[in-house]
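A look at the structure
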Amino acid sequence: MIAIKDNIAAVELQIASACQLAHRNPDEVTLLAVSKTKPIEMLEQAYHAGQRNFGENYVQEAVEKIIALQNKPDITWHFIGPIQTNKTKLIASHFSWVHSIDRIKVAKRLNEHRSGQDTPLNICLQVNISGELSKAGVLPEALPELLGVIETCDNLCLRGLMAIPEKNAAQASFVKMQNLFIELKQQYPTMDTLSMGMSADLQLAINAGSTLVRIGSAIFGARS
């Protein structure tokens, strides 16, 4: 049996240690539990261990979980997977955060479908910081056009940037993201979130100013 409570405590200790080395306050870093493909029972265990932020990649599976756990209204649901335009209505109506916006069309559709909700949808723009052809994300040079559209979307709140680093050059990718984040924060005051770092590169990400780390297998075990 996977000891989810112990795993969360171990990850939180890792975050605290990484923050100490980076001369940062651990309170500046949010732990996002990546719960894709995991059964509701595991999410409930994490919840009872104090975890409140959960990240999902697959819309249909996520919506089923959100409905099943609606008796726990203090859970914050984050969508972190690729966004298909035919799923934007479900995403906009069930999630509080979306981390993977990289196209104008997707931003416009999420804004349209969020209309009528009490609060705007918190969003991060996924940046392809290393320019890898195989990777999703907006290229840094295309960000101004996307940001210009976001500014016209009343139902979206720009909170920050998200990135998945180049496999063999994570540190360089994280530093580039940190510099981009600092630059854009001066222009967009609602930006406070730099979503980057997973189990293998948590220390590097926190060194580079990450405010949210996405951790799956270290909490829930490897995917079956």
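Everything below is about the structure shown above.
Worth saying up front: this structure is predicted, and the values here are computed from it rather than measured. (Residues numbered from 1 in each chain as written. Predicted model: local features only at pLDDT ≥ 70, side-chain atom pairs only at ≥ 80, totals over all residues. Heavy atoms only, no water.)

This part takes up helix 7 (residues 170–185). Taking 1.5 Å per residue, 16 residues should reach 22 Å; helix 7 reaches 22 Å between its end C-alpha atoms and fits that length. Among all positions in helix 7, only A170, S173, F174, M177, L180, F181 and L184 are buried. Seen along its axis, helix 7 keeps its buried residues to an arc of 125°; they face one direction. The outward face of helix 7, more than 90 degrees from its buried face, is lined by the exposed residues Q171 and E183. (Helix = DSSP H or I, 4+ residues; strand = E, 2+ residues; numbered from the N terminus. Expected span 1.5 Å × (residues − 1). Buried < 20%, exposed > 50% of the residue type's maximum accessible area, 1.4 Å probe, protein only. Arc of directions from axis to C-beta.)

This next bit is on the layout of surface pockets. Put simply, the largest pocket is a space of about 480 Å³. Lining the largest pocket are 24 residues; nearest its centre among them are V34, K36, N57, I80 and M198. When the residues that make up the lining of the largest pocket are grouped by side-chain class, the tally is ten nonpolar, eight polar and six charged. Roughly 240 Å³ of internal volume is contained in the second largest pocket. Listed by contribution, the elements that provide at least two residues to the lining of the second largest pocket are helix 3 (59–68) and helix 4 (88–94). The residue makeup of the lining of the second largest pocket, split by class, is seven nonpolar, five polar and two charged. (1 Å grid on protein atoms, 1.4 Å probe; cavity = no way out; pocket = protein on both sides within 12 Å on 5 of 7 lines; lining within 4 Å. Points joined across faces, edges and corners; volume = space filled by probe spheres on them. Nonpolar A, V, L, I, M, F, W, Y, C, P; charged D, E, K, R; others polar.)

Attention now goes to the pairing of strand 1 (residues 30–34). For strand 1, a buried count of four out of five residues is recorded, marking the element as mostly surrounded by other parts of the structure. Pairing of strand 1 with strand 8 (residues 212–215) involves four bridges; the strand directions are parallel. Bridging across to strand 8, L32 finds its partner in R214. Across two bridges, strand 1 lies against strand 2 (residues 53–56) in parallel orientation. Bridge pairing links V34 to G55 in strand 2. Handedness of the β-α-β unit built from strand 1, helix 2 (residues 40–48) and strand 2 comes out right-handed. (Pairing = 2+ DSSP bridges. Right-handed = clockwise from strand over helix to strand, strands pointing away.)

In this section: the environment of L32. Mapped onto the elements of the fold, L32 is located in strand 1. Separated by 182 residues in sequence, L32 and R214 place their C-alpha atoms 4.9 Å apart. When residues no more than four places from it in sequence are discounted, the contact partners of L32 are Q51, N53, F54, G55, H78, I80, H99, L212, V213, R214 and I215. (Contact = heavy atoms within 4.5 Å.)

Time to look at the pattern of salt bridges. A complete count under the given rule lists six salt bridges for this structure. The partner of K65 in a salt bridge is E61, and the shortest N-O contact between them spans 2.6 Å. On the criterion of helical spacing, the pair formed by K65 and E61 is a turn pair, its members being four residues apart in helix 3. By relative accessible area, which is 4% here, K65 ends up buried. Residue classification places E61 among the partly exposed residues on the basis of a relative accessible area of 21%. The closest approach of N and O atoms between D192 and R159, which form a salt bridge, is 2.9 Å. A residue pair is termed long-range when its members are at least 10 positions apart, and D192 in the loop between helix 7 and strand 7 (193–195) and R159 in strand 6 (residues 156–162) qualify at 33 residues. (Salt bridge = Lys/Arg side-chain N within 4 Å of Asp/Glu carboxyl O.)

With that settled, consider the environment of C124. By secondary structure assignment, the location of C124 is in strand 5 (residues 121–126). For C124, a relative accessible area of 0% translates into the label buried. For C124 and C19, which are 105 residues apart along the polypeptide, the C-alpha to C-alpha distance reads 22 Å. What C124 contacts, discounting residues up to four positions off in sequence, is W97, V98, H99, S100, I101, G160, L161, M162 and T193.

Counting 66 residues, the largest nonpolar core has I15, I101, L110, L125, L161, I206 and I219 as the members making the most contacts within it. Ignoring sequence-local partners within four residues, the contact set of L110 consists of I83, T88, I91, A92, V98, I101, L121 and L156. (Core = buried A, V, L, I, M, F, W, Y, C linked by side-chain atoms within 4.5 Å.)

Remember that the coordinates give geometry; whether it matters functionally is a separate question.
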